[in-house]
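Close look at the chain arrangement
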Amino acid sequence: MKHIDKNSAKGNFETLAIRTQIERSAQKEHSVPLYLTSSYKFDDAEEMRALFANEKEGNVYSRYSNPNTSEFIEKMCLLEGAEDGFATATGMAAIFSVFGAFLKAGDHVLSSRSVFGSTHQLLTNVFDKWGVTYTYADLDKPSEWEAKIQSNTKLIFVETPSNPGIDIIDLALLGDLAEKHKVILAVDNCFATPYLQRPIDLGAHLSIHSATKYIDGQGRVLGGIVMGYKNLIDEVVGFARHSGPAMSPFNAWVLSKSLETLAIRMERHCENALKVATFLASHPKIKLVKYPFLPSHPQYEIARKQMRMGGGVITIVIKDGIAGARKFMDALNMFSISANLADTRSIATHPATSTHAKLTEEQRLEVGIEQGSVRLSIGLEHIDDIIADIAQALDKI
């Protein structure tokens, strides 16, 4: 396996994201090449034995490791402040690998109620039939979390900011609880990215991303990654190597290159989103605007404490409910209607009928998803064009 050039792995966030790469080959390439190979050649039988026995470091099979995935992992670990990591085919594969690595029949998970729809399905349907129980807690009621930790609680799982409710919880508080009760704290850091928030610095043991979102940032490839303390990642790797959710070398190559522009992209996403949120906050057809760096956000002070900026996602509630939400979305000209987010292109999503459609109406209301809720992923277009499109669509309700 080609190692990271440690001489280049120094500096501030932007420098690390751009200059961290595996060592050059004999071809002396400036940009890292694609290693499109499923397997690797060994010099002799003894080297093969030593590699499979983990006595020697190197590549044995691309389901285990590949130079491109290794570069992506090491770069992400530097940016997150993590000891080690494992890259997966999707964000949900990363979450499933964490659950699968640490949970067994009889264990309990304490999770934020505001989680992505597929994470909810894992907790309620998949792991339930395997004898794992769960309890939901509300991000806006941090004082209630400790009482919900049970003697068999193995994992605390949380999204912050949450999807799509944009709720925030104090990660340092959860870190203290996890330490006190000797449980693992895993944080879905997808909305924030390591540029805006580093959960491990705040007490988390594992940080998880759907790299499909801002890490790629251009709607091209799928990917996921889990990072954290090495002893915990060893458990994840042991599970994932045999269950097989490996990231492809091509996707790892794309994602590693994408990290070179993550900082500058997130700056523009956040700047645009704050201006849109401010515009919508006083609009007569809007019932509610949720954005972490808007002073009206219930956890505004916490967001300011643990995030560099507010992120690129806003959730609004339109006064006329689902009829108004549909009219608004159908009237958008520039925005894409899509279930994805974190693209260079602005996107509008109706969570109640798409990403969170499997939840009951009661469950959706518990996490702040109303029939009039619309999630806006604010892109990198000119801010005047973004606001103009939203304004003209609201005029048609």
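Please refer to the structure placed before this passage.
A short tour of the structure in this document, coming up. (Residues numbered from 1 in each chain as written. Predicted model: local features only at pLDDT ≥ 70, side-chain atom pairs only at ≥ 80, totals over all residues. Heavy atoms only, no water.)

Once that is clear, we can look at the overall build of the protein. The number of helices and strands found in the protein is 14 helices and 12 strands. Relative to a compact globule of 397 residues, whose C-alpha radius of gyration would be 21 Å, the protein shows 21 Å and is just as compact. Each principal axis of the C-alpha atoms in the protein carries an extent, and together these give about 75 × 50 × 35 Å. Within the protein, the fraction of its 397 residues that count as buried is 56%. Long-range pairs, those at least 24 residues apart, make up 71% of the contacts in the protein between residues at least 6 apart in sequence. Here the protein displays about 16,600 Å² of accessible surface, and carbon together with sulfur accounts for 52% of that area. (Helix = DSSP H or I, 4+ residues; strand = E, 2+ residues; numbered from the N terminus. Rg over C-alpha atoms; globule rule 2.2 N^0.38 Å. Buried < 20%, exposed > 50% of the residue type's maximum accessible area, 1.4 Å probe, protein only. Contact = heavy atoms within 4.5 Å. Areas by Shrake-Rupley, 256 points an atom, 1.4 Å probe, with all protein chains shown as cover.)

So, on to the nonpolar core. Core analysis: the largest hydrophobic core is formed by 66 residues, its most contacted members being F72, I314, I316, F328 and L376. Here this core takes eight residues from helix α10 (residues 262–281), the largest share from any one element. When residues no more than four places from it in sequence are discounted, the contact partners of L376 are L280, G312, V313, I314, I316, F328, F335, I347, A348 and I390. Of all hydrophobic cores here, the second largest spans 27 residues; its members include V109, L155, I233 and V237. (Core = buried A, V, L, I, M, F, W, Y, C linked by side-chain atoms within 4.5 Å.)

A separate point is the packing of aromatic side chains. In this description, a pair of aromatic rings is defined by centroid distance and the angle of the planes. Evaluated as defined, the whole model comprises 11 aromatic pairs. By the ring-pair criterion, three or more aromatic residues cluster together here, those being F96, F99, F127, W130, F157 and F239. It is R308 that lies over the ring of Y195; its NZ or CZ is 3.9 Å from the centre. (Phe/Tyr/Trp six-rings, centres within 6.5 Å; stacked < 30°, edge-to-face > 60°. Lys NZ or Arg CZ within 6 Å of the ring centre and 35° of its normal.)

Adjacent strands of a sheet form backbone hydrogen bonds with each other and so pair up, either parallel or antiparallel. One open sheet holds the five strands; their spatial order is β8-β9-β12-β11-β10, and the pairing between them is mixed. Looking along the sheet, the strands with just one partner apiece sit at the ends: β8 (286–290) and β10 (336–337). Each of β9 (313–318), β10, β11 (347–349) and β12 (373–377) touches helix α12 (residues 321–331); the most contacted strand, β9, lies at about 130 degrees to it. (Pairing = 2+ DSSP bridges. Axes fitted to C-alpha atoms, helices over the stretch in contact; angles between N-to-C directions.)

This next bit is on the environment of D395. Along the chain, D395 turns up in helix α14 (residues 383–395). Between the C-alpha atom of D395 and that of K285, which follows or precedes it by 110 residues, the distance is 8.7 Å.

Reading across the sheet, the seven strands line up as β1-β7-β6-β5-β4-β2-β3 and stay open at both edges, with mixed pairing between neighbours. Both edges of this open sheet fall to β1 (84–88) and β3 (133–137), since each of them pairs with a single strand only. Averaged over all neighbouring strand pairs, the angle between strand axes comes to 20 degrees, with direction disregarded. Across the sheet, helix α6 (residues 171–181) is in contact with β4 (153–159) and β5 (184–188); its angle to β5 comes to roughly 155 degrees.

Attention now moves to unusual backbone geometry. In this structure, the amide linkage connecting T160 to the following residue, P161, adopts the cis form with an omega of -5 degrees. Within the element layout of this structure, P161 appears in the loop between β4 and α6. At the junction of N163 and P164, the peptide bond is cis and its omega measures out at 0 degrees in the coordinates. Tracing the backbone shows P164 in the loop between β4 and α6. Non-glycine residue K28 carries a positive phi angle of around 60 degrees. Relative to the elements of secondary structure, K28 occurs in the loop between α1 (13–19) and α2 (45–52). Residue K28 is classed as exposed on the basis of its relative accessible area of 68%.

Before going further, it helps to examine the environment of P161. Of the residues examined, P161 reaches a relative accessible area of 5% and is grouped as buried. For the pair formed by P161 and K141, sequence separation is 20 residues and the distance between their alpha carbons is 15 Å. Other than its neighbours up to four places away in sequence, P161 contacts I166, D167, I168, F191, A192, P292 and M307.

Below, the discussion takes up the side chain of S25. Mapped onto the elements of the fold, S25 is located in the loop between α1 and α2. On the accessibility criterion, S25 (18% relative accessible area) is buried. A distance of 2.6 Å separates a polar atom in the side chain of S25 from a polar atom in the side chain of E29. (Polar contact = N/O pair within 3.5 Å; in protein donor to acceptor, adjacent residues only side chain to side chain.)

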